[in-house]
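So you can see what is in the structure, the chains are spelled out below.
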Amino acid sequence: MSCRERAVVGGVVGRVRRPRLLRLWLVLAAVGLSSAWWLPSLLQLLDSYWSLSWEERDQRASVFGMVIGGISAVLSVASIWQSRRSYADVNAAAEVLPVAAGRVGVLPRMKVLSAGRARVHEALPLPVDYGRARRRHWVPWQAAGDLLDSDLPLFVDRNASQEVAKWMRPARRKGGFLLLVGTSSVGKTRLLYDIARRELGDFLVLVPDLGDGAAVNALAEAGPPGPVVVWLDELQRFLSGPYFVPDGTVGQVPVSAGALRRLLDGDTPVIVLATLWPNYLDQLRATDTDDKGATKSRYPAAADVLALRTKQLRVDTFSEEEKRLARELGIRDPRLAAAADGVDFNVTETLAGAPRIMQRYREAPLTRQAVVHAAVDARRLGIQGPLSRELLREASRGYLVDVHPDDTWFGDAVAELTRTDRREDAATAPLQTIPTADHRGIIGYTVTDYLLQQLLCERRSELLDSITWNAFIDYVHEADDRHRLATHAWQRLQYHHAERLYRTLADRAADAAVRLANLLTEQGRTDEAVTTLRPHADAGDSEAAEGLAELLLDRDEFQELFTRADAGDIEAAVLLADTLVHSPWAGPDTVDDAVALLSPYADKDLYAALVTAELLVDHDRDDEAATLLRPYADDGEAEAAAELAEILLRQDRMEELYTRADAGDVEAAAALAKRLADEGMVDEGLALLRPHADAGEDSAVFELGKLLAKQGRIKELRARADAGDSCAAYELAHLLAMQEREEELRARIDAGDSYAAVMLDALLVKQGKADEAIALLRARVAAGDSQAVVRLSDLLVRQGRVDQAIAVLRDHVNAGDSSVASGLARLLAEQDEQQLLWREVHAGNRFAFHPLIELIRKAGRSQEADQLLVWGVSSDGSPARPW
């Protein structure tokens, strides 16, 4: 290790080993207080010493020298031992330095990690006169000898503290992944920081800069040098998705699921600690349904990380019990005393400066609020990168009311919004600057988290002026940001702006080309749509090829369809085959023609094989279908194996099913088990399924759970459910509800079983205890259960409390919970709430548009509905005219 590296690490260790000034003061005080005992004896000894002869003085001096020498020798040995310990810590901390040529750097111990490095939110400062008042004993804020941290208030043990600590203790031996989910300024990071320092103090800790996933990936590649904590506060900034915004510095790549899996599965304990907003979690786990009805993850790389063996805990704002603890600690810390007495803001919000942030925003003149609104709306519409000065300046003009012929107002507004020069304004600036990597300049700006969270909710359905839309389109250059902006424009029916954006993206991104082609097709501009799709279809993109094939079919351009099919376009071949079979002139030979058309692809493409097999089965040609599917099933393709098993079962070919099951075909085993159970041989069927279910095969897990429930085998279901089998958990909860075993259901809910909660709700309603079910659901909603929100709203509707149901759903949608957006749109449509549906459309709720169109048609305004379908809305929300 180089001298410089030893100096850096030595500084870290030295700061830990260095005696505190308080301890030194206590030693000096003890010496002073004891002087009344030893000083007279010392004076008497000196007086007697000078009365001795020179020979006697020499003898005494020799003895004294020997004693002093012995003490010095002992102290020297202790010093050497202490130095060796320090260097041992230096070497331990520096073991990771060679990793990836310094990609990771020096890892400190968790117990010495600074709050600032851990990104704990900066708290309100101590009162200006605190030090003087404390010295003069003017205030009782501190117990004797305590010294407050100027950066951090005293830690208030949270309701979740015990559960976090309980999780960390076994994780010291086996590692794990803990994710705290909560909104801004609820104390997630501080909770992790204090409990981790207490429970994992001797672990090394890696705290990568935001977006620096390369450091984590490098640690996984080289292997951890010892027990390590990987600190991923603001997890969304490390995962591939809408919130990963590289700033151009080295290492700005997402954390990979493979890297985390290697760290978590290794022999050395690695603990990943992370925090995330709930709406970020919803977005990263979001799924989409393609044209074939298949569900796929919107951000698969992020979903893979979140699917790791993760313990997820919810952290909410301070409860009444936590406030009481804060008031007790407020006797020792004036910051907690002030925060605990707050009325409009909770403790953590007050400590984070939320009251001052909101005051600066609410009391700002319209020019400053215009800049804030432009910044918030940029984030609302998917722009995640730094907001440049030019973008904010031009976008802000869409919110101005008075005439401003020049831009002097903008510079003054930004200077005031970013001001943090006075102590009382620390961490309370509505806008934050984003510096360049060398901190010599400013890349752009972003909105303070708390203000962003509040205004995202308040401005969720606000319309944007065309000036602002055009500024976003003109000044946002990063491709991912433009793509998200285009999607938000499309979801809000701002088709004119969406078309401009998709045109700039269509040459490089197939999904943008498909979206643009859909818009053009709706408007009757099919020539442009075909031209847009053709390059991507030729390059092999299946979605573009399918869209192009449908367009060609609608235009009766069969010659090009056959040409494309002959050239290897599977989508064209499938569409042609389907058209042949379902055409009015179809005859006995048509199926053969369709199969012949698909055959060149069916032997090498699973999708084509499945389509061909379905066609053959529909025309009672099971043997041919089985022959086609068998090679794919042998290769482990689950869809092909499931379809083949159904064919063999239908043909009573039990011997082949047994052979396939013995060879490891789980779909064959599941089909056999189902048949055996129907024939009364349940134990034989269960024996077939258990090995596959224990291996985690989905089909076997599902069938085993159903069979065990059918037989009423609660004991085995409970064992499997406790081991993490979700299908068994569902079937167990259903059985317990059928048998009205309410106490067991409640016990399972307390253990974290969400299926038991669903079944208990239904049981209570069945027993006529609707109010008790509603109370139970409200508790689940408060604990962060999104599924409980939909169940609660449905139950409120059945009880005739529609307004309450709408309020529950709207509160959660406004807070960013997109998982209940479809439920809200459906309920508003059922209640004919057109105005509220329009607000959902303006907010980008993609489930609201078609129910709204149906309501408009029912109201006799078909022309308006058609115009909205084709041209969308203008910037002011009125139906757009053709452009």
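Residues numbered from 1 in each chain as written. Predicted model: local features only at pLDDT ≥ 70, side-chain atom pairs only at ≥ 80, totals over all residues. Heavy atoms only, no water.

Colleague: Run through the overall build of the protein chain, naming residues and quoting values.
Modeller: A count of helical and extended segments in the protein chain gives 45 helices and nine strands. Sorting the 883 residues of the protein chain into buried and exposed places 46% on the buried side. Here the protein chain has roughly 44000 Å² of accessible surface; of this, 52% comes from carbon and sulfur atoms. (Helix = DSSP H or I, 4+ residues; strand = E, 2+ residues; numbered from the N terminus. Buried < 20%, exposed > 50% of the residue type's maximum accessible area, 1.4 Å probe, protein only. Areas by Shrake-Rupley, 256 points an atom, 1.4 Å probe, with all protein chains shown as cover.)

Colleague: A description of helix 38 (residues 754-766) should follow, citing residues and the corresponding values.
Modeller: For helix 38, which comprises 13 residues, the first-to-last C-alpha distance of 19 Å matches the rise-based estimate of 18 Å (1.5 Å per residue) to within 8%. Summarising the contacts, the buried residues of helix 38 are in contact with helix 36 (726-738), helix 37 (742-750), helix 39 (770-782) and helix 40 (786-798). The opening residue of helix 38, the one whose side-chain oxygen lies 2.9 Å from the backbone nitrogen of Tyr755, is Asp753. Following helix 38 by one or two positions, Gly768 has its phi on the positive side, about 80°. (Expected span 1.5 Å × (residues − 1). Contact = heavy atoms within 4.5 Å. Polar contact = N/O pair within 3.5 Å; in protein donor to acceptor, adjacent residues only side chain to side chain.)

Colleague: Explain the packing of aromatic side chains to me, using residue names and the numbers behind them.
Modeller: In the structure shown here, the tally under the stated rule is six aromatic pairs. Note on Tyr243 and Tyr280: the rings are 4.2 Å apart at their centroids and 40° apart in plane angle, and the pair reads as tilted. Here the residue Tyr243 occupies a position in the loop between strand 3 (228-232) and helix 8 (257-265), and Tyr280 occupies one in helix 9 (residues 278-284), the gap between them amounting to 37 residues. Taking the relative accessible area as the measure of exposure, Tyr280 reaches 12% and is therefore buried. (Phe/Tyr/Trp six-rings, centres within 6.5 Å; stacked < 30°, edge-to-face > 60°.)

Colleague: Give a description of helix 41 (residues 802-814) that names residues and reports values.
Modeller: Helix length check: helix 41 (13 residues) gives 18 Å between terminal C-alpha atoms against 18 Å at 1.5 Å per residue, within 8%. Burial in helix 41 covers these residues: Val802, Ala805, Ile806, Val808, Leu809 and Val813. One side of helix 41 carries all its buried residues, which in axial view fall inside an arc of 160°. Helix 41 presents Asp803 and Asp811 as exposed residues on the side facing more than 90 degrees away from its buried surface. In this structure, the buried residues of helix 41 make contact with helix 39, helix 40, helix 42 (821-830) and helix 43 (834-842). In the segment just after helix 41, Gly816 is the residue with positive phi, at about 100°. (Arc of directions from axis to C-beta.)

Colleague: Residues and numbers for the nonpolar core, please.
Modeller: By size, the foremost hydrophobic cluster in this structure holds 176 residues, and its most contacted members are Val371, Leu392, Leu451, Phe472, Leu485, Leu745 and Leu837. Among the elements that take part in this core, helix 32 (residues 666-678) stands out by supplying nine residues, more than any other. Excluding residues that lie within four positions of it along the chain, Val371 makes contacts with Leu392, Ser396, Trp409, Phe410, Ala413, Val414, Leu417 and Leu431. If you look at the next biggest cluster of nonpolar residues, it comprises 36 residues, including Phe177, Ala215, Phe238 and Leu306. (Core = buried A, V, L, I, M, F, W, Y, C linked by side-chain atoms within 4.5 Å.)

Colleague: Outline the packing of helix 42 against helix 43, listing residues and values.
Modeller: Closest axis-to-axis distance for the helix 42/helix 43 pair is 8 Å, and the angle between their directions is 155°. Classed by the angle they form, the pair helix 42 and helix 43 counts as roughly antiparallel. In the packing of helix 42 onto helix 43, the handedness of the crossing is left-handed. In this structure, helix 42 uses Leu824, Ala825, Leu828 and Ala829 to contact helix 43, whose residues at the interface are Leu836, Leu837 and Glu840. (Axes fitted to C-alpha atoms, helices over the stretch in contact; angles between N-to-C directions. Parallel < 35°, antiparallel > 145°, perpendicular 65-115°, else oblique. Left-handed = near helix turned anticlockwise from the far one by under 90°.)

Colleague: Break down the pairing of strand 8 (residues 431-435) for me, citing the residues and quoting the values.
Modeller: Two strands pair when backbone bridges link them, and strand 8 and strand 9 (residues 442-447) are joined in this way by five bridges, in the antiparallel orientation. When the sheet's bridge partners are listed, Leu431 is paired in strand 9 with Val447. What sits between strand 8 and strand 9 in their antiparallel hairpin is a turn of six residues, with His439 showing a positive phi close to 60°. (Pairing = 2+ DSSP bridges.)

Colleague: Explain the side chain of Thr189 to me, and be specific about the residues and the numbers.
Modeller: In this fold, Thr189 is placed in helix 6 (residues 188-199). At 2.7 Å, the side chain of Thr189 forms a polar contact with the side chain of Asp233.

Colleague: Describe the pattern of salt bridges, and please don't skip the residues or the numbers.
Modeller: Following the criterion strictly, the structure yields 61 salt bridges and no others. The residue Glu499 makes a salt bridge to Arg525 at a minimum N-O spacing of 2.9 Å. Of the two residues, Glu499 is situated in helix 21 (residues 495-505) and Arg525 in the loop between helix 22 (510-522) and helix 23 (526-538); the sequence distance between them amounts to 26 residues. The burial state of Glu499 is the same as that of Arg525; both residues are buried. One salt bridge in this structure joins Arg741 and Glu744, with 2.6 Å as the shortest N-O distance. A relative accessible area of 28% means that Arg741 is categorised as partly exposed. Here the residues in one salt-bridge network are Arg393, Glu394, Arg397 and Asp407, joined through shared partners. (Salt bridge = Lys/Arg side-chain N within 4 Å of Asp/Glu carboxyl O.)

Colleague: Mind laying out the side chain of Gln453, listing which residues take part and the relevant values?
Modeller: Tracing the backbone shows Gln453 in helix 18 (residues 449-458). At 2.5 Å, the side chain of Gln453 and the backbone nitrogen of Ser184 are in polar contact. Here Gln453 is in contact with Thr183, Ser184 and Trp277, once residues within four sequence places are set aside.

Colleague: Now, about the environment of Leu366: what can you tell me, with residues and values included?
Modeller: Assignment of secondary structure puts Leu366 in helix 15 (residues 366-380). When its relative accessible area of 54% is taken as the criterion, Leu366 is described as exposed. Between the C-alpha atoms of Leu366 and Tyr399, which are 33 residues apart in sequence, the distance is 8.4 Å.

Colleague: Describe the confidence of the model for the protein chain, naming the residues involved and giving the relevant values.
Modeller: Per-residue confidence for the protein chain averages 84 on the pLDDT scale, and 83% of its residues sit at or above 70. Segment residues 83-102 is flagged for pLDDT under 50; beyond a separation of four residues in sequence, or across chains, it makes 37 contacts in the model. Throughout residues 133-145 the model reports pLDDT below 50, and contacts reaching past four residues in sequence, or to other chains, amount to 22 contacts. (pLDDT = per-residue confidence, 0-100.)

Colleague: Talk me through the packing of helix 28 (residues 606-618) against helix 29 (residues 622-634); I want residue IDs and the actual numbers.
Modeller: For the pair helix 28 and helix 29, interaxial distance at closest approach is 8 Å and the crossing angle is 160°. With respect to helix 29, the element helix 28 is oriented roughly antiparallel. Both helix 28 and helix 29 take part in a crossing whose hand is left-handed. The segment helix 28 lies against helix 29, with Leu606, Ala609, Leu610, Thr612, Ala613, Leu616 and Val617 engaging Asp622, Glu624, Ala625, Leu628, Leu629 and Tyr632. Split into classes, the residues belonging to the contact of helix 28 with helix 29 amount to ten nonpolar, one polar and two charged. (Nonpolar A, V, L, I, M, F, W, Y, C, P; charged D, E, K, R; others polar.)

Colleague: Residues and numbers for the sheet that holds strand 3, please.
Modeller: Within the open sheet, the five strands sit side by side as 2-3-4-1-7. Their pairing is parallel. In this open sheet, the two edge strands, each paired with only one partner strand, are strand 2 (204-206) and strand 7 (310-314). Looking at each pair of strands side by side, their axes are set apart by 20° on average, direction ignored. Docked against the sheet, helix 5 (residues 161-174) engages strand 1 (176-181), strand 4 (270-276) and strand 7, running at close to 160° with respect to strand 1. Running at roughly 160° to strand 3, helix 7 (residues 213-222) makes contact with strand 2 and strand 3 of the sheet.

Colleague: Go over the pairing of strand 3 with me, naming the residues and quoting the values.
Modeller: Along any regular strand the residues' side chains alternate between the sheet's two faces. Most of strand 3 sits out of view: five of its five residues are buried. Here strand 3 shows a buried face lined by Val228, Val230 and Leu232 and a second buried face lined by Val229 and Trp231. Of the strand pairs in this sheet, strand 2 and strand 3 are connected by three bridges, and their pairing is parallel. Across the sheet, residue Leu206 finds its bridge partner in strand 3, namely Val230. As for the winding sense of the linkage, the β-α-β connection from strand 2 through helix 7 to strand 3 is right-handed. As paired strands, strand 3 and strand 4 are joined by five bridges and run parallel to one another. Bridged to Leu232 within strand 4 is Ala274. (Right-handed = clockwise from strand over helix to strand, strands pointing away.)

Colleague: So, the environment of Arg459: which residues are in play, and what are the values?
Modeller: Looking at where Arg459 falls in the secondary structure, it is placed in the loop between helix 18 and helix 19 (466-475). Among the residues examined, Arg459 registers a relative accessible area of 10% and is labelled buried. A C-alpha to C-alpha distance of 8.6 Å links Arg459 and Ala843, two positions 384 residues apart in sequence. With residues up to four places along the chain from it excluded, the contact list for Arg459 reads His373, Val376, Asp377, Arg380 and Tyr399. At 2.8 Å, the side chain of Arg459 forms a polar contact with the side chain of Asp377.

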